[in-house]
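Each chain, letter by letter, is given below.
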Amino acid sequence: MELTKDILLDLHRRMVRIRHFEDEAGKLSESGQMPGALHLYVGEEAVAAGVMVHLSDEDQITSTHRGHGHLVAKGGDFKQMYAELYGRSTGYNKGKGGSMHIANVDAGMLGANGIVAAGPPIAVGAGFSNKYRGTKNVAVPFFGDGATNEGSFHEAANMAAVWKLPVVFVCENNGYGEFTPQAEHQAIKDITDRAAGYGMPGIQADGMDAIAVWEAAGEAIERARNGEGPTLLECKTYRYYDHVGRSGIGLEYRSDEELDEYRKEDPIPKIEKHLIDNNVLTADEIQAVHDGILAEIAEAIKFAENSPLPDPSTVTEDVYYTG
Ligand SMILES: Cc1ncc(C[n+]2csc(CCOP(=O)(O)OP(=O)(O)O)c2C)c(N)n1
Ligand SMILES: [Mg+2]
């Protein structure tokens, strides 16, 4: 795997797209313009970008309650994403999925999920299908540190290892499950300690560094594509905003000093320094990337706000309904 200029630009672009998408969504939610609560991905962009650069639309991912970043990185269209968050009929799921159940199956994004650790078993099913059909595709469940305490995660990891499925388990260890520090919800520091218990390799990457994630994910994804079975990839990361929304509900569970330390590790300025130092982009060109994405977002928000709500008569369409 060679880290080319194109890959660097791609990593940067995907992260900037997530950052601005989330910042604007957070503001709209806070002002009451957009309905519902949002679990924002800001700070963790390097994980989604570093993994997704390796995947095509035929590779599947499953996501979490903090899922916008995964969909943006998987090529999500801003218009359909904002429309979905606004509950409009032009959204990816006709306004019926919203933030926590947004999905784009056509591009292999099998869905955000409000149920913690619901994604890994779904990804194992996709991985089984990939293997059964004789494809080279890979399924990647994203999940948090908290999710690794759920039975569904353990069952999924065990089954993927026993059946040597093309699945790469990506743990976004941001050090907290809601407001509970990792040390209070599990007796280990490294989620990778658990990999041996399933009989799969466990590898770690600095989740605040897109290049590091790209390298580690590339290794794990190649193993999976080659039929060598699953890997547990733990990315140590940090969320800059609160568990829900930008400023949260005012609980004091982490220090400003801790946040400041991780702010210094911001994955976007980090890769921008790399781009400038290696003469890939100038500061002006970097600004142009940001400006272009912000303009696209402004258009997408207008599109969402001008889109109709779903017609009430369609309430039972496109959903599981047994009535
Ligand atoms: C099965 C289940 N239990 C509890 C919750 C409530 N809940 C929502 S997010 C969350 C914390 C998840 O922590 P983690 O997996 O580390 O993800 P993070 O929010 O840090 O990204 C909890 C407990 C839920 N949604 N589903
Ligand atoms: Mg967490």
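Going by the structure above, here's the rest.
Residues numbered from 1 in each chain as written. Chains lettered and ligands numbered in written order. Predicted model: local features only at pLDDT ≥ 70, side-chain atom pairs only at ≥ 80, totals over all residues. Heavy atoms only, no water.

Draft legend 1. Local environment of the overall build of the chain. Of the regular secondary structure elements, the chain holds 12 helices and 7 strands. Relative to a compact globule of 323 residues, whose C-alpha radius of gyration would be 20 Å, the chain shows 19 Å and is just as compact. Referenced to the eigenvectors of the C-alpha coordinate spread, the extents of the chain come out at roughly 60 × 50 × 40 Å. Burial statistics for the chain: of 323 residues in total, 53% are counted as buried. Residue pairs at least 24 apart in sequence account for 73% of intrachain contacts in the chain once pairs closer than 6 positions are excluded. Surface summary for the chain: the accessible area is close to 14200 Å², and the carbon and sulfur share equals 51%. The chain carries 29 positive and 50 negative side-chain charges, and their two centres are separated by 3 Å. (Helix = DSSP H or I, 4+ residues; strand = E, 2+ residues; numbered from the N terminus. Rg over C-alpha atoms; globule rule 2.2 N^0.38 Å. Buried < 20%, exposed > 50% of the residue type's maximum accessible area, 1.4 Å probe, protein only. Contact = heavy atoms within 4.5 Å. Areas by Shrake-Rupley, 256 points an atom, 1.4 Å probe, with all protein chains shown as cover. Lys, Arg positive; Asp, Glu negative; His and termini not counted. Charge placed at Lys NZ, Arg CZ, Asp CG, Glu CD.)

Draft legend 2. Layout of the packing of aromatic side chains. Enumeration according to the criterion identifies 11 aromatic pairs in this entry. For the pair Phe-21 and Phe-78, a centre-to-centre distance of 5.7 Å together with 25° between the ring planes defines the contact as stacked. In this pair, Phe-21 sits in helix 1 (residues 5–30) while Phe-78 sits in helix 4 (residues 78–85), placing the two residues 57 residues apart along the sequence. In terms of burial, Phe-21 and Phe-78 fall into one category: buried. Taken together, the ring pairs in this structure connect Phe-143, Phe-153, Phe-169 and Tyr-198 into an aromatic cluster. Its end group placed over the ring of Tyr-240, Arg-263 keeps NZ or CZ at 4.2 Å from the ring centre. (Phe/Tyr/Trp six-rings, centres within 6.5 Å; stacked < 30°, edge-to-face > 60°. Lys NZ or Arg CZ within 6 Å of the ring centre and 35° of its normal.)

Draft legend 3. Spatial organisation of the nonpolar core. Grouped together as the largest cluster of nonpolar side chains are 73 residues, with contacts concentrated most on Leu-11, Val-51, Tyr-82, Val-140, Val-168, Val-170 and Leu-233. Not counting the four nearest positions on each side in its chain, Val-170 is found in contact with Val-47, Val-51, Val-140, Pro-141, Phe-142, Phe-143, Leu-233 and Cys-235. (Core = buried A, V, L, I, M, F, W, Y, C linked by side-chain atoms within 4.5 Å.)

Draft legend 4. Spotlight on a negative patch on the surface. A grouping of Glu-252, Asp-256, Glu-257 and Asp-260 is seen on the molecular surface, where their side chains present a negatively charged patch. Relative to the helices and strands, Asp-256 resides in helix 10 (residues 256–263). (Patch = residues over 30% accessible without salt bridge, like charges linked within 9 Å, V, L, I, M, F, W, Y side chains within 5 Å. Salt bridge = Lys/Arg side-chain N within 4 Å of Asp/Glu carboxyl O.)

Draft legend 5. Region of interest: the packing of helix 4 against helix 12 (residues 283–305). As a packed pair, helix 4 and helix 12 sit with axes 8 Å apart at the nearest point and diverge in direction by 45°. In terms of their interaxial angle, helix 4 and helix 12 are classed as oblique. Here helix 4 and helix 12 pass one another in a crossing that is right-handed. Contact residues: Phe-78, Lys-79, Tyr-82 and Ala-83 in helix 4; Ile-293, Glu-296, Ile-297, Ala-300, Ile-301, Phe-303 and Ala-304 in helix 12. (Axes fitted to C-alpha atoms, helices over the stretch in contact; angles between N-to-C directions. Parallel < 35°, antiparallel > 145°, perpendicular 65-115°, else oblique. Left-handed = near helix turned anticlockwise from the far one by under 90°.)

Draft legend 6. Local environment of the coordination of the magnesium ion (ligand 2). Those donors, Asp-145 (OD), Asn-174 (OD1) and Tyr-176 (O), are the protein atoms that reach the magnesium ion (ligand 2), and they lie 2.0 to 2.1 Å from it. Each donor residue of the magnesium ion (ligand 2) belongs to the same chain, with the gaps between them written as D-x28-N-x1-Y. One end of the pair, Asp-145, is in the loop between strand 2 (139–144) and helix 6 (151–162); the other, Tyr-176, is in strand 4 (residues 176–177), with 31 residues separating them in the sequence. Residue classification places Asp-145 among the buried positions, given a relative accessible area of 0%. (Donors = N, O, S within 2.8 Å, 3.2 Å for Na, K, Ca; no water.)

Draft legend 7. Layout of the side chain of Thr-64. Inspection of the secondary structure puts Thr-64 in the loop between strand 1 (60–62) and helix 3 (68–73). Of the polar contacts made by the side chain of Thr-64, one reaches the backbone nitrogen of Arg-66; its length is 2.8 Å. Not counting chain neighbours up to four residues away, the residues in contact with Thr-64 comprise His-70, Ala-112, Asn-113, Phe-142 and Phe-143. (Polar contact = N/O pair within 3.5 Å; in protein donor to acceptor, adjacent residues only side chain to side chain.)

Draft legend 8. Local environment of the side chain of Arg-66. The residue Arg-66 is located in the loop between strand 1 and helix 3 in this model. With no salt bridge to any partner, buried Arg-66 finds its closest opposite charge in Glu-44, at an N-O distance of 4.3 Å. Polar side-chain contacts of Arg-66 include one of 3.1 Å to the side chain of His-243. Not counting chain neighbours up to four residues away, the residues in contact with Arg-66 comprise His-39, Leu-40, Tyr-41, Glu-44, Asn-174, Arg-239, Asp-242 and His-243.

Draft legend 9. The arrangement of the site of ligand 1 in detail. As a structural note, the neighbourhood of ligand 1 is formed by 14 residues, with His-65, Arg-66, Gly-114, Gly-146 and Asn-174 the closest of them. Here an oxygen atom of ligand 1 sits 2.8 Å away from a polar atom, N or O, in the side chain of Arg-66. The side chain of Asp-145 places a nitrogen or oxygen atom 2.9 Å from an oxygen atom of ligand 1. According to the grid-proximity analysis, the pocket containing ligand 1 is the largest pocket. Here the residues of the shell around ligand 1 sort into 4 nonpolar, 7 polar and 3 charged. (Near = heavy atom within 4 Å. 1 Å grid on protein atoms, 1.4 Å probe; cavity = no way out; pocket = protein on both sides within 12 Å on 5 of 7 lines; lining within 4 Å. Sits in = over half its atoms within 2 Å of the grid points. Nonpolar A, V, L, I, M, F, W, Y, C, P; charged D, E, K, R; others polar.)

Draft legend 10. A look at helix 4. Along helix 4, 6 of the 8 residues are buried, which leaves the element largely enclosed by surrounding structure. The set of residues buried in helix 4 consists of Phe-78, Met-81, Tyr-82, Ala-83, Glu-84 and Leu-85. Against helix 1, helix 3 and helix 12 lie the buried residues of helix 4. Looking one or two residues beyond helix 4, the residue adopting positive phi is Gly-87, at roughly 75°.

Read these as layout, nothing more, since geometry by itself doesn't imply function.
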